[in-house]
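# Observations on the three-dimensional arrangement
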Amino acid sequence: MKLIRALLLALVAVLPPFAHADYQPVAEPVADNVYAIVGPVGQRSPDNDGLNATFAFVVTDAGVILIDSGASRKGAEKLAAAIRKVTAKRVRWVVNTGSQDHRWLGNDYFAERGADVLALTRTAASQARYAEQHMLGLQKLLGARLDGTQPMPAMHTSDGDRASLTLGGETLELIATDAHFPGDAMVWLPRQRVAVTGDLVFVDRLLGVLPWSSVKNGQRAFQALAALQPARIVPGHGRVCDLAQAQRETGDYYDFLADTIGKAAQDMESMADTLAKYADLPQFSGLENYAGLHKANMNRAFTEYEAP
Ligand SMILES: [Zn+2]
């Protein structure tokens, strides 16, 4: 009996606590009044509450502007706690850069506390279209930690592919990118020369080309970002960086997909031969997720450029 009891106690000691969710996001300063919250670059999990992305917020005289609201109610609570450690001001605005889960499924939490949720009209339309698919995917990855999450697309929307928004003396430009998801946008802060790119820029990990992504739009949007000559970039995934790093890890990869893989498709070369020829790219192979994504990315780029 004593032995069984000792064994049981030893087992309990090594098991992780039930439903633990220890990941706590921390805000870091980026520029005057601008902060970033850099989530882990791996997969969504009950521990990180789907916060596997990078977020930003701007502290204005009239309150906080949060850029992207997390993938769940619990994720939104964690973002709110990270903001409270920086300022006592309340979140007045949530601006969404996209429709992928971590960009907006925390909207409802902030709206309940009085925040207005803003986005381009095209972004809000994609949110409504992808909501069910994202909730189903998250259910598998987050389980009970998703409880209480209510998809709420942005309610204050701007038509067209550009919008200028001002609150408490700080101006944000929302600029459509349409790269990772249709309707995606980036935020440009002209005073600080900071770009908060949403899912346009991935650093530290390889970007993913999804069935609904556009490599053509990604290349074009990255060129528009580079033309702004940002002093700092808060990427959609990975750590805060400069333009040179974003160029190496995202811009150059979009150029490769468009100018090498896309060109091979347009020249009617064999897809299998093309994918085999470029399977090993030392320039990008050090990035997280390369092994799992690179081949599928080339496949989707080829298919996009093959289309008439
Ligand atoms: Zn993302």
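Residues numbered from 1 in each chain as written. Predicted model: local features only at pLDDT ≥ 70, side-chain atom pairs only at ≥ 80, totals over all residues. Heavy atoms only, no water.

- The name given to the protein chain in an unreviewed UniProt entry is MBL fold metallo-hydrolase, and the organism recorded there is Parasulfuritortus cantonensis.
- According to UniProt, the comment filed for the protein chain under the heading Sequence similarities (unreviewed entry) is "Belongs to the metallo-beta-lactamase superfamily. Class-B beta-lactamase family." (UniProt positions renumbered as here; feature names shortened; annotations may be inferred.)

### Topic: helix α6 (residues 215–227)
- Counted at 1.5 Å a residue, the expected span for α6 with its 13 residues is 18 Å, and the 18 Å between its end C-alpha atoms agrees.
- Those residues of α6 lying buried are Val-215, Asn-217, Gly-218, Gln-219, Ala-221, Phe-222, Leu-225 and Ala-226.
- Where α6 is buried, its residues touch β10 (185–189), β11 (194–196), β12 (232–234), α7 (243–266) and α9 (290–306).
- Sitting at the head of α6, Ser-214 places a side-chain oxygen 3.5 Å from the backbone nitrogen of Lys-216.
- Residue Gln-229 follows α6 closely and has a positive phi angle near 50°. (Helix = DSSP H or I, 4+ residues; strand = E, 2+ residues; numbered from the N terminus. Expected span 1.5 Å × (residues − 1). Buried < 20%, exposed > 50% of the residue type's maximum accessible area, 1.4 Å probe, protein only. Contact = heavy atoms within 4.5 Å. Polar contact = N/O pair within 3.5 Å; in protein donor to acceptor, adjacent residues only side chain to side chain.)

### Examining the UniProt feature "domain: Metallo-beta-lactamase" (unreviewed entry) in the protein chain
- With numbering aligned to this structure, UniProt lists the feature "domain: Metallo-beta-lactamase" (unreviewed entry) at residues 53–237.
- For residues 53–237, the end-to-end C-alpha separation is 5 Å, with 31% helix and 26% strand making up the annotated structure.

### Here we look at the coordination of the zinc ion
- Coordination of the zinc ion by the protein involves Gln-100 (OE1), His-102 (NE2), Asp-199 (OD), Asp-199 (OD) and His-237 (NE2), with metal-donor separations of 2.2 to 2.8 Å.
- The sequence pattern formed by the donor residues of the zinc ion is Q-x1-H-x96-D-x37-H. Taken together, the residues span a long stretch of sequence, with His-102 in helix α3 (residues 101–104) and Asp-199 in the loop between β11 and α6 at a distance of 97 residues. (Donors = N, O, S within 2.8 Å, 3.2 Å for Na, K, Ca; no water.)

### Section: the environment of Arg-103
- Position of Arg-103 relative to the elements: it lies in helix α3.
- Sequence separation of Arg-103 and Ala-246 is 143 residues, and the distance between their C-alpha atoms is 20 Å.
- Apart from the residues lying within four places of it in its own chain, the contact partners of Arg-103 are Ala-53, Thr-54, Asp-68, Ser-69, Gly-70, Asn-96, Thr-97, Gly-98, Gly-198, Asp-199, Gly-236 and His-237.

### A closer look at the nonpolar core
- Among the nonpolar cores identified, the biggest contains 39 residues, and Leu-200, Val-201, Val-215, Leu-225, Ile-233 and Leu-257 are the most heavily contacted of them.
- When contributions to this core are tallied by element, the ones reaching two or more residues are β10, α6, α7 and α9.
- Per-element accounting of this core gives the leading share, ten residues, to α7.
- Those residues in contact with Leu-257, other than ones at most four positions away along the chain, are Val-209, Val-215, Gly-262, Asn-297, Met-298 and Ala-301. (Core = buried A, V, L, I, M, F, W, Y, C linked by side-chain atoms within 4.5 Å.)

### Describing the packing of aromatic side chains
- Within the structure shown, the criterion is met by eight aromatic pairs.
- Their ring planes at 15° and their centres at 5.1 Å tell us that Tyr-35 and Phe-57 sit as a pair that is stacked. Within this pair, whereas Tyr-35 is found in strand β2 (residues 34–38), its partner Phe-57 is found in strand β3 (residues 54–60), the two being separated by 22 residues in sequence.
- Judged by relative accessible area, Phe-57 falls into the buried class, the value being 0%.
- An angle of 90° between the planes, with centres 5.1 Å apart, marks the rings of Tyr-109 and Phe-110 as edge-to-face.
- Through a chain of ring-to-ring contacts, the aromatic side chains of Tyr-253, Phe-256, Tyr-278 and Phe-284 assemble into a single cluster.
- Residue placement shows Arg-113 over the ring face of Tyr-109; its charged tip is 3.8 Å from the ring centre. (Phe/Tyr/Trp six-rings, centres within 6.5 Å; stacked < 30°, edge-to-face > 60°. Lys NZ or Arg CZ within 6 Å of the ring centre and 35° of its normal.)

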